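# Fold and geometry: a report
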Amino acid sequence: MSQSEIQRQAMQERMNRFFLSLTFKLSLAIFMIASVLLSGLGIYYIQKLAHGQHQMARSFAIGFLLSILLITTVSALLVWLLTVPRLRNTLDALKAVEQGDLSVRIPRAKSLDELGVLARGVNHMIGELERRSAEQANMQTELKVAKNAAEKANRTKSEFLANMSHEIRTPMNGVLGMAQVLEDTPLTGEQREYIDTISASAENLLKIINNILDLSRIEMGKFELNNDAVNLGKMFGELQALFTPSANAKGLELQIDCPADLPVIRTDDGTLRQILINLLGNAIKFTPQGQVRLAVQCLEKTGNECTLGFRVRDTGIGIAKEAQETIFHEFTQADGTHTRTYGGTGLGLAISQKLVERLGGRLDVSSEPGQGAEFFFNATVNMEVNRRPAGTAAPESGAEERFDLSVLLAEDNQLNQRVVVKMLEKMGCHVDVAENGREALAKLKLTAPVEDRPRYDIIFMDIQMPVMDGLKATGMIRAQEGEGCRTPIIAITAHAMKGDREKFIEQGMDGYLSKPVRREELRAAIKQYC
């Protein structure tokens, strides 16, 4: 505030005090003069009344009453002029604020009387409301910008996960597919053991990929559990076969304890397996010597439900108390320094914790530095009524069934071509291969008369291909094929994010197989659509 403004306000306050004082003094003087005059008149007319002059007394009474009425009227008018307009201004300002107008202010709010104090207080309140409203508007704008940025980041993450899923699944299809093809060739016992290990490792790697995608789905609230029949004896045997080589390489004793009388349960097989893989992998990783033990026991049975307790115990380096509070956070390790001995992303325990919570439990840890660590959780699951004995598997019905079918495969990756062709040929199918969607259209000859077109019993169509992708090719096939000539088209793709299946079927495809493609899935698709 400038010096002149300060001086002007000071002058205004002095003037207000002067006029207030002058008004008070004039009112007091008028009151005193009126009192003297009225007193004199009263004395005069009382004397007249005492001498029997009643007319004069009556005139005095009327004059006195008229004087009182006049003074009361003037006083009321003066009070109205001094207060009512100012109170009305205050009331109008408050009504405007109630309707959302924060630009209104009470005029002439600088007087020092009570109404002036009230007016200044109301103006200050309106100013504060206007300031806070502006801050709230700015905050809402910032929140909107932040929300848009977060949504963009989330879309970018989803696109990244989809692309990574596609790029990883494509070579995984070659690994798993060739392993399955090798299983059908003459093998020695040792070779078959190697193939089984390759297949199991590839399957577990695929489950890890799936569960990393599931972490994103959990965060978005879109994670859904499957209800699989799980044979814990078989699962624990596979885990022992998977981790025995790494344990032996470090000279560790790997103990797997699974009671033979455990029932077959219904839960999400992949989720439970991924939790145990993460915990066993960490236990072996952080144990330089001694043993690692995985155990499960039935804690309680109620009706058709069974509460199972899972424990993974090691004799490794242990975890400090302060670190136990953070190891379940994403991308966090007990030792986060640049000189840490053990690498890794710090994502395994975070994923495991979220997956255990999805199963209805909680993952906890008990540990002391240098004394090893024990991770444990409980899960309540349903028991399978018609269960098979532990360690047995259902017979593969129709494993040797052969199909005399003509198949068109649209796939640009040569390794994947070889895998799928080999699988289909071993089923008795005759396979033609197209490198992209345009080649697939050329082989179908959809522009030729119906009787001159080659007849394919089923088409397996990759989605992401050069020149023309699978979705566009499918749309053109559906647009050009005649009535009663619909050929089943099965998407065979590495796109495995939530919603992909529905999107492909919506655009004209009949079925969906995600890579890596398994022999049993191909056989099931052929039996379903041919």
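Residues numbered from 1 in each chain as written. Predicted model: local features only at pLDDT ≥ 70, side-chain atom pairs only at ≥ 80, totals over all residues. Heavy atoms only, no water.

## Quick look at the overall build of the chain
Across its full length, the chain carries 13 helices and 12 strands. Looking at the chain as a whole, 36% of its 530 residues qualify as buried. A separation of at least 24 residues holds for 69% of the contacts in the chain among residues at least 6 apart in sequence. About 30,800 Å² of surface is accessible on the chain, with carbon and sulfur atoms providing 57% of the total. (Helix = DSSP H or I, 4+ residues; strand = E, 2+ residues; numbered from the N terminus. Buried < 20%, exposed > 50% of the residue type's maximum accessible area, 1.4 Å probe, protein only. Contact = heavy atoms within 4.5 Å. Areas by Shrake-Rupley, 256 points an atom, 1.4 Å probe, with all protein chains shown as cover.)

## Some words on the pairing of strand 9 (residues 430-434)
Taken together, the five bridges between strand 8 (residues 406-410) and strand 9 define a ladder with parallel strand orientation. In the sheet register, Ser406 faces strand 9, and the bridge partner there is His430. Where the polypeptide runs from strand 8 across helix 9 (residues 414-426) and back to strand 9, its parallel neighbour, the crossover connection is right-handed. (Pairing = 2+ DSSP bridges. Right-handed = clockwise from strand over helix to strand, strands pointing away.)

## Things to note about the packing of aromatic side chains
Think of a pair of aromatic rings as described by two things: how far the centres are apart, and how the planes are tilted against each other in angle. Across all of its chains, the model carries two aromatic pairs by this definition. A centroid spacing of 5.0 Å and a plane angle of 15 degrees characterise the contact between Phe310 and Phe377, whose relative ring orientation is stacked. With Phe310 in strand 5 (residues 305-314) and Phe377 in strand 7 (residues 373-383), this pair connects stretches of sequence that are 67 residues apart. Across the pair, Phe377 and Phe310 agree in class, each one buried. One residue, Arg311, lies across the ring of Phe376, its end atom 4.8 Å from the ring centre. (Phe/Tyr/Trp six-rings, centres within 6.5 Å; stacked < 30°, edge-to-face > 60°. Lys NZ or Arg CZ within 6 Å of the ring centre and 35° of its normal.)

## Focus on the packing of helix 5 (residues 232-249) against helix 6 (residues 269-285)
For the pair helix 5 and helix 6, interaxial distance at closest approach is 11 Å and the crossing angle is 30 degrees. The angle between helix 5 and helix 6 places the two elements in the roughly parallel class. As for the relative orientation of helix 5 and helix 6, their crossing is right-handed in sense. In this structure, helix 5 contributes Leu232, Met235, Phe236, Glu238, Leu239, Leu242, Phe243, Ser246 and Ala247 to the contact, and helix 6 contributes Asp269, Leu272, Arg273, Leu276, Ile277, Leu280, Gly281 and Ile284. Class assignment for the residues of the contact of helix 5 with helix 6 results in 12 nonpolar, two polar and three charged. (Axes fitted to C-alpha atoms, helices over the stretch in contact; angles between N-to-C directions. Parallel < 35°, antiparallel > 145°, perpendicular 65-115°, else oblique. Left-handed = near helix turned anticlockwise from the far one by under 90°. Nonpolar A, V, L, I, M, F, W, Y, C, P; charged D, E, K, R; others polar.)

## Points about the environment of Lys285
Locating Lys285 in the fold gives a position in helix 6. Residues Lys285 and Lys250, 35 residues apart in the sequence, show an inter-C-alpha distance of 9.3 Å.

## Notes on the pattern of salt bridges
Pairing between side chains of opposite charge can happen when their charged atoms approach one another. Applying the stated criterion across every chain, the model contains 13 salt bridges. Across the pair Glu135 and Arg131 runs a salt bridge, and its minimum N-O distance is 2.7 Å. Taken together, the residues span about one helical turn, with Glu135 and Arg131 both in helix 3 (residues 114-183) at a distance of four residues. The class for Glu135 is partly exposed, based on a relative accessible area of 42%. One salt-bridge network, held together by shared partners, links Arg478, Glu481, Arg486 and Asp510. (Salt bridge = Lys/Arg side-chain N within 4 Å of Asp/Glu carboxyl O.)

## Considerations on the side chain of Asp268
With respect to the secondary-structure elements, Asp268 resides in the loop between strand 3 (265-267) and helix 6. One buried charged side chain, Asp268, makes no salt bridge at all; its nearest oppositely charged neighbour is Arg273, positioned 8.7 Å away. Within the local environment of Asp268, its side chain forms a polar contact with the backbone nitrogen of Thr271, the two atoms lying 2.9 Å apart. (Lys, Arg positive; Asp, Glu negative; His and termini not counted. Polar contact = N/O pair within 3.5 Å; in protein donor to acceptor, adjacent residues only side chain to side chain.)

## Overview of the confidence of the model for the chain
On average, residues of the chain carry a pLDDT of 77, and 72% of them reach 70 or more. This model gives residues 331-346 a pLDDT under 50, and the stretch forms 25 contacts once residues within four places in sequence are excluded. (pLDDT = per-residue confidence, 0-100.)

## Remarks on a nonpolar patch on the surface
A cluster of nonpolar side chains, Ile62, Leu66 and Leu69, forms an exposed patch at the surface whose accessible area comes to about 300 Å². When you line up the elements, Leu69 lands in helix 2 (residues 54-98). (Patch = residues over 30% accessible without salt bridge, like charges linked within 9 Å, V, L, I, M, F, W, Y side chains within 5 Å.)

## Describing unusual backbone geometry
Phi at Lys445 is positive, roughly 50 degrees, even though this residue is not glycine. Take Lys445: it is sitting in the loop between helix 10 (437-444) and strand 10 (458-461). Since its relative accessible area comes to 46%, Lys445 is described here as partly exposed. Located in the positive-phi region is Val467, a residue other than glycine, with phi close to 70 degrees. Mapped onto the elements of the fold, Val467 is located in the loop between strand 10 and helix 11 (470-480). Overall, the relative accessible area of 59% leaves Val467 in the exposed class.

## Overview of the sheet that holds strand 9
If you walk across this open sheet you meet the five strands as 9-8-10-11-12, and the pairing is parallel. The open sheet has two free edges, formed respectively by strand 9 and strand 12 (511-514), since each of these has just one partner strand. Averaged over all pairs of adjacent strands, the angle between strand axes in this sheet comes to 20 degrees, irrespective of strand direction. Strand direction decides the pairing type here: strand 11 (residues 489-493) and strand 12, joined by four bridges, are parallel.

## Some remarks on the nonpolar core
Membership of the largest hydrophobic core comes to 44 residues, with the highest contact counts inside it found for Leu232, Phe236, Leu276, Leu308, Phe310, Phe375 and Phe377. Listing elements by their share of this core, those giving two or more residues are helix 5, strand 2 (253-257), helix 6, strand 4 (291-302), strand 5, helix 8 (348-358) and strand 7. Counting residues per element, this core draws most heavily on helix 6, at eight residues. In this view, Phe377 contacts Leu272, Ile275, Leu276, Leu279, Leu308, Gly309, Phe310, Val356, Arg362 and Leu363; residues no more than four positions away in its chain are not counted. (Core = buried A, V, L, I, M, F, W, Y, C linked by side-chain atoms within 4.5 Å.)

## Thoughts on the pairing of strand 11
For a regular strand, side chains alternate in direction, first toward one face of the sheet and then toward the other. Across the five residues that make up strand 11, a large majority, five, are buried. Here strand 11 shows two buried faces, one formed by Ile489, Ala491 and Thr493 and the other by Ile490 and Ile492.

## Things to note about the packing of helix 10 against helix 11
Axis angle and axis distance: for two packed helices, these are the angle between their axes and the distance between the axes, and together they describe the pair. Two numbers describe how helix 10 lies on helix 11: the axes approach to 9 Å, and their chain directions differ by 25 degrees. Put simply, helix 10 runs roughly parallel to helix 11. Note that helix 10 runs across helix 11; the crossing there is right-handed. On the side of helix 10, the interface is formed by Gly437, Leu441 and Leu444, while helix 11 contributes Ala473, Met476 and Ile477. Tallied by class, the residues present in the contact of helix 10 with helix 11 amount to five nonpolar, one polar and no charged.

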